[in-house]
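# Inside the fold
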Amino acid sequence: MTKKRVQQSQTPKPEEPEKSVPEPSSATPQVPPVPSDEAGRGPKLLLLYSLPLFVCLGITYLAPGTLSAFLGTNTGGSPARSSSRAFNPNAIVADIPKQKQVYAWHAYERDAFGQDEYHPVSQKGSNLSDSGGIGYMIVDSIDTMMIMGLDEEYKRARNWIATKLSFEREGRHSTFETTIRVLGGLLSAHHLSSSHSQTGEPDPVFLQKAVDLGDRLLSAFETPSGLPLPMINLATKEGIPDPDNPGLVSTAEVSTLQLELKYLSELTGDETYWRTGEKARAVTLARAAKSPMLIFRHGHFVLSEIRLGSRGDSYYEYLLKQYLQTGRTEPAFKDMYDSAMASIQENLVQTTPSSRFVYTSELQPFGGYEAGSEENVNWRRVPKQDHLVCFLGGSLMLGATDGGNQLDRSLFGVNEKADWKLGEELIKTCMETHKTKTGLAPEIAMFRTPNDPDWVVQNAPSDWYIKGLKGHKPPLDARYILRPETVESLFIAYRLTGDQKYRNWGWQIFQAIEKHCKVPTGGYSGVVHVDAPTGEVELDDRMETFMMVSVIDTVP
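The following refers to the structure shown. The numbering scheme is per chain: residues are counted from 1 as the chain's sequence reads. Side-chain atom pairs in this predicted model are given and counted only at pLDDT of 80 or more, local residue features only at pLDDT of at least 70, and totals for whole chains, interfaces and linings cover all residues. With hydrogens and water set aside, each side-chain value is computed from the structure's full complement of heavy atoms.

### Notes on the sheet that holds strand β15 (residues 464-465)
For clarity, the threshold we go by: Strand pairing requires that DSSP identify at least two bridges connecting the strands. Think of it this way: any DSSP run of H or I at least four residues long counts as a helix, any run of E at least two long counts as a strand, and we number them from the N terminus.
Taken together, the three strands give an open sheet; going across it, the order is β13-β14-β15, and neighbouring strands pair in antiparallel fashion. Both outer strands of the open sheet, β13 (384-386) and β15, are each paired with one neighbouring strand and no more.

If you want it as C-alpha cells, here you go:
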C-alpha cells in the first residue's frame, strides 16, 4: 500500500403480544410427530478440521476435551474454579446455553417454523423471497441442536429439511449468505449426523440437499473472470449483478465461499466445486496484503475503501481457516494470511490518545490518482471500527499458535508475538465498546484521535463514541443485531489461554443479552440503540440466525 499523505478524518417499545413461551423445562411446541430418522450410507467423513470453524467451536464448547485433542493441548491448564463466583462455569457449559437455545428455538418453531426469518416481538416469520423459504433459520441452526443433544427438536428440523426444503425459489438470494448459512449448515449437519443415525453413518439427506444447492450456486460463478455474481436466482440458476454496484462484487463475497465448496468436493469426489472456488480465490492472490473492498466482475480491483469491516472481514478470516481446513498442506493460504496481517499492523492499527485502546481504522482513497492506478493515491484515515472486526482478535491468536499447534509463547517468532499481542489488545477494545447503558456493543464505533474537530472534542467521551447520537432518530451505528464476533473471539482466547477473564467477559455479554434482548413471549431480538440517552431499550423485532448458531453456543 502506498503510504502517501494519510489524513485523519471524522465522518461527521413495542406492545407485548399475549402468547408466551415458558422456560425450557416446560416448553413443548405443538408440532406433529416425526418418523424416526432413516439412516443411510454417506461418503467417508473428513477429519474435524475439514468443517467450518464455527462447528468446531460449538463442539468444543460443550466438550472441552475435544478441543484439547484437536489442538494437541490438555485441559489441566485451565484455571481453578472459584467457589465465590456468582455463577457456576460448569452450569454455563452444560445447562444455561441449552436452555436459552430451546427458549429461542421453540418460539421460532411456534410462530414461524419453515420460514427464513423470525420476528419475535410480532411473533411472525418472513421469507427472503415471495416464492418461499430456503431453510435459512432451520438449516443454519440444526447442527447446534445436534451438538446440544436437543434430539426431539433435531428430529422435527431434520424432517422439515427432508420433506419441505426446496431450492426452486425465484428471487434474488445472496450468493455469499446462502453459501455460508445454508450450504454450510447442510454440510455441518451431514458431518454431525452420524451420531444421530442407527448405523453410525451420516444421514444422506443433508448431503443430497447440499449437492442440489451447490449445483445451483455454481451458476453464480459463470462469469469471464470466474468471480461469482453477488446474487443468484436459485430456481433459474442464474447469477444476478448487484443493482447498487453494477459490475462489482466485494472482496468478502469472492473469498468467503471456499470452505464450503472444498468440503462439498471432498464429500462427493467431484472437484468441480473445489476448482470453482479456487478460480475465484486466485484473483485475489496478488493483492492479499492490501485488498480493496470492491472488485470488477472481470477481475480488476477497484480503488475503494480498505477496511476489515463489512464486505471485507471474512476474506481475511477465511485465509487462516482454509490453511487449517486443508491440514496445513497449502502454505499459499498461510502466506496470504501472514502478508495481510503484516499490512494490517503497518497500515490500519491505531491507538486512542487517552487510554491507548488499540483499534483498526479504515482507509479511504481521495484525489491525486488516475483511474486504475494507485501510484499517487492520497489516503484518508477514518477512525472507525465495525463490530464485525471483533472477529480479528481471536483469529490473530489462533493464527499465532498455528491453529493451536504451538501454545508455548516463548517459542513464538517476531510475527507471532506481534499478532498475539494485537489479538489481545483488539479483544480488550471490543469489550470496551460494550460499556454502554445496555452493556451491548454498537454496530459501529468511532475512536478519538489527536486531530479531532471541535464538535468531537466538546461532545464525545475520551476514547470512543457512537456517531450521530445528537440526532432525533437513532443512528444505524447504534444498533446491536445479536452479532457473535466478540463472543467468538472470547471463546478462542479462553480455550487458547485458560484465562478466566475471557470467560467472565463472555458472561457479561450473555447477561446483557438476557436482560435487554430476550423477548418475554419467546426468542431474542436485536436492539435499536445500545446507548439511548433515556436508557429506554427498543427492540428491532428480528432474531438473526447467528443468535442460535454463534452466540448462545460460543459464550466461553
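### Observations regarding the packing of helix α5 (residues 136-148) against helix α6 (residues 151-163)
Note the cut-off: Where helices are involved, their axes are fitted lines through C-alpha atoms of the stretch in contact, as for all axes, and angles between N-to-C directions lie from 0 to 180°. Put simply, a crossing is left-handed when the front helix is turned counterclockwise from the back one by less than a right angle, and right-handed when it is turned clockwise. Whether two residues touch is decided by their heavy atoms; if any such pair falls within 4.5 Å, the residues are in contact.
Between α5 and α6, the least distance of the axes is 9 Å, while the angle of their chain directions is 145 degrees. Crossing of α5 against α6: the hand is left-handed. Residue-level inspection shows I138, V139, I142, M145 and M146 of α5 in contact with α6, the latter providing E153, Y154, A157, R158, W160 and I161.

### What about empty space enclosed by the protein?
To keep things clear, this is the line we draw: In this analysis a 1.4 Å probe is tested at points of a 1 Å grid over the protein atoms alone, and where it fits but cannot get out there is a cavity; an open set with protein on both sides within 12 Å along at least five of seven lines is a pocket; lining residues have an atom within 4 Å of a point. Grid points are joined across faces, edges and corners, and a volume is the space filled by probe spheres set on the points. We call Asp, Glu, Lys and Arg charged. Ala, Val, Leu, Ile, Met, Phe, Trp, Tyr, Cys and Pro are nonpolar, and the rest, Gly among them, are polar.
Looking at the largest cavity, its volume works out to about 60 Å³. In terms of lining, the largest cavity is formed by Q385, D386, H387, C390, C430, T433, A441, P442, E443, A445 and F447. Of all the secondary-structure elements, those providing two or more residues to the lining of the largest cavity are β13 and β14 (444-447). Taken together, the residues that form the lining of the largest cavity break down as six nonpolar, three polar and two charged.

### Side note on the packing of helix α14 (residues 391-400) against helix α17 (residues 485-497)
The condition is simple: By definition in this entry, angles of less than 35 degrees are roughly parallel, angles greater than 145 are roughly antiparallel, angles of 65 to 115 are roughly perpendicular, and the rest are oblique.
Between α14 and α17, the shortest axis-to-axis distance is 7 Å and the interhelical angle comes to 25 degrees. Here α14 lies roughly parallel to α17, going by the angle between them. Considering the relative orientation of α14 and α17, their crossing is left-handed. Across the interface between the two elements, F391, L392, G393, G394, M397 and L398 from α14 touch E485, S489, I492, A493, L496 and T497 from α17. In terms of residue class, the contact of α14 with α17 is made up of seven nonpolar, four polar and one charged.

### A closer look at the state of the cysteines
To be explicit about the condition: We call a pair of cysteine sulfur atoms a disulfide when they lie within 2.5 Å. For every residue, the accessible area obtained with a 1.4 Å probe (protein chains only) is divided by the maximum for its type, and the residue is called buried under 20%, exposed over 50%, and partly exposed between those limits.
For the coordinates displayed, the defined rule picks out one disulfide. What pairs with C390 in a disulfide is C430, and their sulfur atoms sit 2.0 Å apart. Residues C390 and C430 are joined through a disulfide that is left-handed, its torsion about the S-S bond being -105 degrees. With C390 in the loop between β13 and α14 and C430 in helix α15 (residues 414-432), this residue pair connects regions lying 40 residues apart in the sequence. The exposure class of C390 is buried, given its relative accessible area of 4%.

### Considerations on unusual backbone geometry
The phi angle of most residues is negative, glycine excepted, and most peptide bonds adopt the trans form. Although it is not a glycine, R356 adopts a positive phi angle of roughly 60 degrees. Take R356: it is sitting in the loop between β9 (349-351) and β10 (358-360). The exposed category is assigned to R356, whose relative accessible area is 52%. One non-glycine residue, D402, lies in positive phi territory at about 55 degrees.

### Re the pattern of salt bridges
Proximity of charged atoms lets side chains of opposite charge pair with each other. What counts, and what does not: Definition used for salt bridges: Asp or Glu carboxyl oxygen within 4 Å of a side-chain nitrogen of Lys or Arg.
Scanning the model with the defined rule gives 27 salt bridges in all. Among the salt bridges present, the one from E544 reaches R542, with a minimum N-O distance of 3.4 Å. The class for R542 is partly exposed, based on a relative accessible area of 34%. Salt bridges linked by common partners bring E117, E177, R181, R542 and E544 together as one network.

### Focus: the sheet that holds strand β4 (residues 173-174)
A sheet is described by the order of its strands in space; here three strands give the open sequence β4-β5-β6, paired in antiparallel fashion. Two strands in the sheet have a free side with no partner beyond their single neighbour: β4 and β6 (238-240). As paired strands, strand β5 (residues 231-233) and β6 are joined by three bridges and run antiparallel to one another. Note on β6: the bridge partner recorded for I232 is G239.

### Some points on the nonpolar core
What counts, and what does not: Put simply, a nonpolar core is a bunch of buried Ala, Val, Leu, Ile, Met, Phe, Trp, Tyr and Cys residues held in one set by side-chain atoms that sit within 4.5 Å of each other.
One finds I161, L186, I513, Y524 and M543 to be the most contacted residues of the largest nonpolar core, which totals 121 residues. Ranked by residues supplied to this core, first place goes to α5 with nine residues. Judged by nonpolar contacts, the second largest core, of five residues, contains V382, M446, V456 and Y465.

### Description of helix α12 (residues 313-325)
Counting along an α-helix, one turn takes 3.6 residues, and residues three or four places apart therefore face a common direction. Formally: Between the first and last residue of a helix there are one fewer steps than residues, each counted as 1.5 Å, and that sum is the expected span.
In a regular helix each residue adds 1.5 Å, so 13 residues correspond to 18 Å; α12 covers 19 Å between its end C-alpha atoms and thus fits that length. Most of α12 sits inside the fold, with 13 of its 13 residues counted as buried.

### Let's talk about the pairing of strand β12 (residues 378-382)
Summarising burial for β12: four of the five residues are buried, a large majority. Here strand β11 (residues 362-366) pairs with β12 via five bridges, running antiparallel. In the strand pairing of β12, Q364 is matched with R380.

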